[in-house]
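One-letter residues, chain by chain:
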Amino acid sequence: MATPAVTRPRPTRGHGPSPRTETTLRIVAPVAVGLLVLGAWQFLVSVVGVSDYLLPSPASIIEEFAAYWPSIASAMLITGANSLVGLVIGSVLGIALAALAARWRPVDRMSAPVVASLAVVPIVALAPVLNSMFGADSQFGRQAIAALASFVPVFINTLRGFRQTTPVHRELMRAYAATPGQVLRTLTLPTARPFILTGIRIASSLAVISALVAEYFGGPRGGLGSLISTSAASSAYARAWAYVVASIALGLLFYLVTLGLERMLQRRAPQAGGRP
Amino acid sequence: MTDTGVRETSAVTDAAAMTPARDIRPPRRPGGPGRVRRGFAQWAWGLAGLLVVVLVWEGYKLLGPADGVVVGGARVLPRTTDLAMPHVWEMIGRLAEPVTRSPSAQPLWLVVALAALTTLGIAAAGWLVGVVVGVGLALVMQRWRIAEWGILPWIVLSQTVPLIAFAPVVKSWGSRVEIGAFEWQDWMSVALIASYLAFFPIAIGALKGLQSPDRIHTELMQSYAAGYWQTLVKLRLPAAVPYLLPALRLGAANAVIGAVVAEVSTGLQGGIGRILIQFAGQASGDPAKAWGPIFGAIVLGLVAAGSVALLGVILKDYRRTEEAA
Amino acid sequence: MSGQTGFREARAADAAVEISGVDKVFETRSGQVQALDTIELTVAAGEFVSLIGPSGCGKSTLMRIIADLDEPTGGTLAVFGKSARQARLDQEYGIAFQQAGLLPWRTVAANVALPLELHGVASAARASRVAELLEMVGLSDFADRYPDQLSGGMQQRVAIARALAEQPRLLLMDEPFGALDEMTREKMQTELVRISAETGAAVVFVTHSIPEAVFLSDRVVVMSPRPGRVREIVPMRLGTDASARAARTEELREERSFFEMVTAVREALHGSPVATGPRGVEHR
Ligand SMILES: Nc1ncnc2c1ncn2[C@@H]1O[C@H](COP(=O)(O)OP(=O)(O)OP(=O)(O)O)[C@@H](O)[C@H]1O
Ligand SMILES: [Mg+2]
């Protein structure tokens, strides 16, 4: 049956720009918005005279960033390591439990409500008791928070991925009398892979955010989160913002690395996606 | 309806929850006893899951070494002393006891509930601001494609970075900003951060929803010579409901997280974030007490998300997403 | 404009659709696509015209241009003597697509009422008009159902009722029965013939089915692809005014003249006499 509407580009509102202009605008527009915001910010600070405690100027933040680079770098290392450990643990647990849930219905039924609740509750609230469980000098409390936070999206996406195998493929495997291991290797895992990778990518940002925020709840100092609150408490606002910028850089790094990983593995198996 | 995750989602959330219920919804059946029974079974299984968590906790406490498991200088499994891991029944029993030893002290659960209510109020204010800003931005992006191209990449990007780190800085705004009779209150800093976290999923969900009508429907409206506003009210907004509801729910959960974190980092009194820190400080003498506000925070998140889910019940007619093609 | 008099007046005034020299070129990433090339076509008021042709020959594009959902790159177009845009703003036509395109959150009645609602018809008048329309398409009992509770054929009937809601003088239909099974399809065709006779509306009807075009139409426009052109316009001899159209019944499908015209359209479509249809050959 002819359904041309599906194959055509989406409807333009009125008469849109030509394809080439569109490509250009898609790049120019965000850059312009970014520059505009940055310009307005600097303008607010240096011309309108918004005070330092409200918003330090971009220039002074950069200055502080350069001046405190050694401490920033070591803080990034601490927070980054916590996030990484949490991400790895959370992902491994998430994939493992999702595999169990996909295999055994009771596990699925018991874990679904718990994970759904975990997705909406403030996990960082656990930070103070984790500190006392693992010892006040241990970074493991933060790593555990990051792990719990990463666990949720990895579990949900992986379980979804495991459910993507189509009946026709499963029946094909049955017809081949494939062993469960073979089915896992040749069908289930390749189908689920894009979903797992997506879960990990989402988890990567969450891991950084959680590890950082957990530092506000006490525990050893030295990470980005504790340095931001110390600087803000001592009215060194530009320095606090410099640490904020460092956190952004760290979050971006995690996101880009996992995105790159996703792209790389996807390119190797472009048809792995479970599109029916 | 596969989703390989090209859809970007709030970094503080999960991908699956951003999809409208379309692909997870069971086939529609007329309501009735079957539905009720299924709902009951779900609760029962959920309770069983909770029980497993409790069993793991108590089992480890019983069998694990008192000083935890230390591998290469790092403790990878917690200490099992009563100080580090109180029994579950102690945590629950503690809720009924007074907060302090003073004779006039209120029971712990009441203190936690009052604090949770305060935080819920602040989070709700933040959520409302987030809804207004998020839906507003989505409307602008839907109306003008150049706005979508200019703004959307930044929204997506800002979801992937821990911008919430700036929470302690916002504290400095308190009582220093005065515009006429308006004075910036400390709780507003907290609400601002809550709204900031709430707005991302809402903006993206709303945009997706507003853009979701099929070409056949937009052209139908065009053939009726319907203007922008008529198309918005009769077509785009109703079509956006299945996308908006999960977004609003995530926004609510995010607002709670933002409010709790912001209370901690700005040191605001009266909310659950404050007593989280305060009671944790008393944990060496009274370990079970620290769990009170944690239960409070969990209930808070569930209540916030659940209230939005109620909205979904009211709007159920707009969730017949199966295309009438 | 109810009934025959209004329809005759309209015919005296203007043709329903007048297309002359219409071109359509699409700009795409991979270059230009000429979808339509100097189309000439006039549809008289009250006339039933079918467009038929191979996939991609521009039938939908032509219909969309008439409906002002797309703009021609060249040539002129008039709908009841107005520009296509003005005709759309004046709601001169009703339209039905290949898919029913009902809004899933509205009941059947509310779906039919949509255009009336948009154009500010008072709610009492709306309700009675909707009842009338649902009666006409035989769905009165389903007014409060939702689209997902209807079969495909019923959904399509709702869409047709919706297209007729404002008593348009022109109906545009793009393969409206394309997704239906043969039985439902024939039933719908009979109903459409009846409805168009009752309302006296002109119809532009896109289809892939030769028998369907023959059964329904006063004239069949045969198009050829790349670029889309009108190859031939085949007049049907089944009676061209509304009363004759009303006389078209199921028996017609079995008549000899029907098969002759099917053959004529098929030959026009293939560009030369075809020897494949044995019956066609016999009748020659
Ligand atoms: N928006 C568009 N952008 C680019 N090309 C288009 C667009 N719309 C239609 N075309 C092209 O114009 C030509 C005619 O398309 P149209 O949909 O009118 O064909 P059709 O006769 O309706 O086909 P079918 O019978 O399959 O529905 C096709 O080659 C198609 O690819
Ligand atoms: Mg077509």
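What counts, and at which threshold
- Residues numbered from 1 in each chain as written.
- Chains lettered and ligands numbered in written order.
- Predicted model: local features only at pLDDT ≥ 70, side-chain atom pairs only at ≥ 80, totals over all residues.
- Heavy atoms only, no water.
- Helix = DSSP H or I, 4+ residues; strand = E, 2+ residues; numbered from the N terminus.
- Buried < 20%, exposed > 50% of the residue type's maximum accessible area, 1.4 Å probe, protein only.
- Contact = heavy atoms within 4.5 Å.
- Areas by Shrake-Rupley, 256 points an atom, 1.4 Å probe, with all protein chains shown as cover.
- Pairing = 2+ DSSP bridges.
- Axes fitted to C-alpha atoms, helices over the stretch in contact; angles between N-to-C directions.
- Buried area = accessible area lost by both parts, 1.4 Å probe.
- Salt bridge = Lys/Arg side-chain N within 4 Å of Asp/Glu carboxyl O.
- Polar contact = N/O pair within 3.5 Å; in protein donor to acceptor, adjacent residues only side chain to side chain.
- Arc of directions from axis to C-beta.
- Parallel < 35°, antiparallel > 145°, perpendicular 65-115°, else oblique.
- Left-handed = near helix turned anticlockwise from the far one by under 90°.
- Nonpolar A, V, L, I, M, F, W, Y, C, P; charged D, E, K, R; others polar.
- pLDDT = per-residue confidence, 0-100.

**Looking at the overall build of chain C**
Step number 1: Along chain C, the regular secondary structure elements total 11 helices and 9 strands.
Step number 2: The buried share of chain C, reckoned over its 284 residues, is 55%.
Step number 3: Considering only residue pairs separated by 6 or more positions, chain C has 70% of its internal contacts joining residues 24 or more positions apart.
Step number 4: As presented, chain C carries roughly 11,700 Å² of accessible surface, and 50% of it is formed by carbon and sulfur atoms.

**What about the sheet that holds strand β4 (residues 74-79) of chain C?**
All names here are of chain C.
Step number 1: Within the open sheet, the 3 strands sit side by side as β2-β1-β4. Their pairing is antiparallel. Looking along the sheet, the strands with just one partner apiece sit at the ends: β2 (31-43) and β4. Taken pair by pair, the neighbouring strands of this sheet meet at an average axis angle of 30°, ignoring direction.
Step number 2: Direction of pairing for strand β1 (residues 17-28) relative to β4: antiparallel, over a ladder of 5 bridges. Along β4, the bridge assignment pairs S20 with T76.
Step number 3: Lying on the sheet, helix α2 (residues 59-66) is in contact with β1, β2 and β4; it crosses β1 at an angle near 115°.

**Thoughts on the pairing of strand β3 (residues 48-52) of chain C**
Residue and element names in this part refer to chain C.
Step number 1: Counting buried positions along β3 yields 5 of 5 residues, so the element is predominantly enclosed.
Step number 2: Side-chain alternation along β3 places F48, S50 and I52 on one buried face and V49 and L51 on a second face that is also buried.
Step number 3: In terms of strand pairing, β3 meets strand β7 (residues 202-207) through 5 bridges, oriented parallel. By the bridge assignment for β7, S50 is matched with F205.
Step number 4: Here β3 pairs with strand β8 (residues 219-224) via 4 bridges, running parallel. What sits directly across from L51, in β8, is V221.

**Thoughts on the interface of chain B and chain C**
Step number 1: Contact with chain B, which involves 24 residues of that partner, is made by 28 residues of chain C.
Step number 2: When chain B packs against chain C, the two sides together hide about 2,600 Å² of surface, and 58% of this comes from carbon and sulfur.
Step number 3: Our count for the contact surface shared by chain B and chain C stands at 2 salt bridges.
Step number 4: Here B:K234 ties to C:E117 by a salt bridge, and the two come within 2.3 Å at their closest N and O atoms.
Step number 5: Our enumeration of links across chain B and chain C arrives at 10 residue pairs in polar contact (both at pLDDT 80 or more).
Step number 6: Broken down by secondary-structure element, the contributors of at least two residues to the side of chain B that touches chain C are α7 (215-223) and α8 (228-266) of chain B.

**Observations concerning helix α9 (residues 272-281) of chain B**
Since the α-helix turns once every 3.6 residues, residues separated by three or four places project in the same direction.
Step number 1: Considered for burial, the residues of α9(B) that qualify are B:I272, B:G273, B:I275, B:L276 and B:F279. Viewed along the axis of α9(B), the buried residues span an arc of 165°, placing them on a single side of the element.
Step number 2: Tucked inside the fold, the buried residues of α9(B) contact α6 (127-134) of chain A together with α3 (108-143), α8 and α10 (291-314) of chain B.

**Brief notes about the packing of α9(B) against α10(B)**
Residue and element names in this part refer to chain B.
Step number 1: Contact geometry of α9 with α10 gives a least axis separation of 9 Å together with a crossing angle of 155°. Here α9 is positioned roughly antiparallel relative to α10, judged by the angle of their axes. Crossing of α9 against α10: the hand is left-handed. Facing I272, I275, L276 and F279 of α9, the residues of α10 in contact are P293, I294, G296, A297 and L300.
Step number 2: Here the residues of the contact of α9 with α10 are counted per class, giving 8 nonpolar, 1 polar and no charged.

**Let's talk about the confidence of the model for chain A**
Residues and elements named next belong to chain A.
Step number 1: The pLDDT averaged across chain A works out to 81; a share of 89% of its residues lies at or above 70.
Step number 2: The lowest-confidence element of chain A is helix α1 (residues 4-7), averaging 32 in pLDDT; the highest-confidence one is helix α4 (residues 69-103), averaging 91.
Step number 3: Low pLDDT, under 50, characterises residues 1-14; the predicted model gives this stretch 22 contacts beyond four residues in sequence or across chains.
Step number 4: Within the model, pLDDT remains below 50 along residues 270-276, and this stretch shows 12 contacts once partners closer than five positions in the same chain are excluded.

**Some thoughts on unusual backbone geometry**
Residue and element names in this part refer to chain C.
Step number 1: Residue R226 is joined to P227 through a cis peptide bond whose omega torsion reads -10°.
Step number 2: Mapped onto the fold, P227 is located in the loop between β8 and β9 (229-235).
Step number 3: Backbone geometry at T38 places phi at a positive 35°, although glycine is not the residue there.
Step number 4: As for its placement among the helices and strands, T38 is situated in strand β2.
Step number 5: Despite not being glycine, E175 shows a phi value in the positive range, around 40°.
Step number 6: Along the chain, E175 falls in the loop between β6 (170-174) and α7 (182-199).

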